[in-house]
Amino acid sequence: MGKRFLFPTFQIMKSTSPVCLLAAVLLTGGAAHAKIDFKTEILPLIEDRCMKCHKAEHEENGKVVKPKGDQRLDAAWALLKGYKDVVPVKPKDIGKSALITVITLPRDDDKAMPPEGNGDPFTPAEILKLKTWITDGADFGYWEGNLAGKVAGAQIFENSGV
């Protein structure tokens, strides 16, 4: 007689080929990913690579320092509103999210961010995390960031005045 298994699923798993498992994952779209937490997973990336140059106007060593390119990334409203025709984050649309565009440009491109010498480029895993967060709707949780200079009408949370 053959071996008896306490758990029949183990026998099925043992006899299932890796090709069948891969096919099952591909056909079902893979396992759902966990929701990305802005404050713990996205904000540290932006703070580390972007905010030195892209934060609200401030004084540094007695000089007024303005955000580079007038782009602020230190507030949820600023990430969503942008400046002129450049919108850093367009929820659910990585193709229209300038943040993704500039961090995926070739390093020798003048518009690549962060610029050479101003920080390490984003890793492929970090870029994927940012893309996933944007595709999932760019949820900031309750993080608002720096409200100084908030443009009238710029909203962060749906159905709120924030």
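Residues numbered from 1 in each chain as written. Predicted model: local features only at pLDDT ≥ 70, side-chain atom pairs only at ≥ 80, totals over all residues. Heavy atoms only, no water.

1. A few points about the environment of Val 65
Alright, step 1. Residue placement: Val 65 occurs in strand β2 (residues 63-65).
Alright, step 2. Val 65 sits twelve residues away from Cys 53 along the chain, and the two C-alpha atoms are 8.9 Å apart.
Alright, step 3. Residue contacts for Val 65: discarding those within four places in its chain leaves Ala 56, Glu 57, His 58 and Glu 60. (Helix = DSSP H or I, 4+ residues; strand = E, 2+ residues; numbered from the N terminus. Contact = heavy atoms within 4.5 Å.)

2. Details of helix α6 (residues 124-135)
Alright, step 1. For α6, with twelve residues, the first-to-last C-alpha span of 16 Å sits near the 16 Å given by 1.5 Å per residue.
Alright, step 2. All of the buried residues in α6 are Glu 126, Ile 127, Leu 130, Thr 132, Trp 133 and Ile 134.
Alright, step 3. On its buried side, α6 packs onto α3 (38-49) and α5 (98-103).
Alright, step 4. One or two residues past the end of α6 sits Gly 137, with phi positive at roughly 115°. (Expected span 1.5 Å × (residues − 1). Buried < 20%, exposed > 50% of the residue type's maximum accessible area, 1.4 Å probe, protein only.)

3. Let's talk about the packing of α3 against α6
Alright, step 1. Viewed as axis vectors pointing N to C, α3 and α6 meet at an angle of 125°, and their least axial separation amounts to 11 Å. Viewed along their axes, α3 and α6 adopt a mutual orientation that is oblique. Remark: the crossing between α3 and α6 carries left-handed chirality. Each of Phe 38, Glu 41, Ile 42, Leu 45 and Arg 49 in α3 lies in contact with α6, whose residues at this interface are Glu 126, Lys 129, Leu 130 and Trp 133. (Axes fitted to C-alpha atoms, helices over the stretch in contact; angles between N-to-C directions. Parallel < 35°, antiparallel > 145°, perpendicular 65-115°, else oblique. Left-handed = near helix turned anticlockwise from the far one by under 90°.)

4. Notes on the packing of aromatic side chains
Alright, step 1. Under the criterion given, the structure shown has five aromatic pairs.
Alright, step 2. Each ring, one from Phe 38 and one from Trp 143, has its centre 4.8 Å from the other, and the planes form 40°; the classification is tilted. Placement of Phe 38 in helix α3 and of Trp 143 in the segment after α6 is noted, with a sequence separation of 105 residues between them.
Alright, step 3. Among the residues examined, Phe 38 registers a relative accessible area of 2% and is labelled buried.
Alright, step 4. Ring geometry for Trp 133 against Phe 140: centres 5.2 Å apart, planes inclined by 85°, an arrangement best described as edge-to-face. As far as burial versus exposure is concerned, Trp 133 and Phe 140 are alike and both buried. (Phe/Tyr/Trp six-rings, centres within 6.5 Å; stacked < 30°, edge-to-face > 60°.)

5. Focus on the confidence of the model for the chain
Alright, step 1. Here the chain shows a mean pLDDT of 82. Residues at 70 or above account for 74%.
Alright, step 2. Here residues 18-30 scores under 50 on pLDDT; set against residues more than four positions off or in separate chains, the count is two contacts. (pLDDT = per-residue confidence, 0-100.)

6. Concerning unusual backbone geometry
Alright, step 1. A cis amide bond links Met 113 to the next residue, Pro 114, at an omega of -15°.
Alright, step 2. Looking at where Pro 114 falls in the secondary structure, it is placed in the loop between α5 and α6.
Alright, step 3. Positive phi outside glycine occurs at Asp 70, with the angle close to 60°.
Alright, step 4. Note on placement: Asp 70 falls in the loop between β2 and α4 (76-81).
Alright, step 5. Judged by its relative accessible area of 39%, Asp 70 falls in the partly exposed class.
Alright, step 6. With a phi angle near 55°, Lys 84 is a residue other than glycine that sits in the positive phi range.
Alright, step 7. Inspection of the secondary structure puts Lys 84 in the loop between α4 and α5.

7. A closer look at α3
Alright, step 1. If you check α3, its first and last C-alpha atoms are 15 Å apart, about what twelve residues at 1.5 Å a residue would give, namely 16 Å.
Alright, step 2. Buried within α3 are the following residues: Phe 38, Ile 42, Leu 43, Leu 45, Ile 46 and Arg 49. Take α3 and look down its axis: the buried residues cluster within an arc of 155°, on one side only. Those residues of α3 that are exposed and aimed more than 90 degrees away from the buried face are Lys 39, Thr 40 and Asp 48.
Alright, step 3. On its buried side, α3 packs onto α4 and α6. (Arc of directions from axis to C-beta.)

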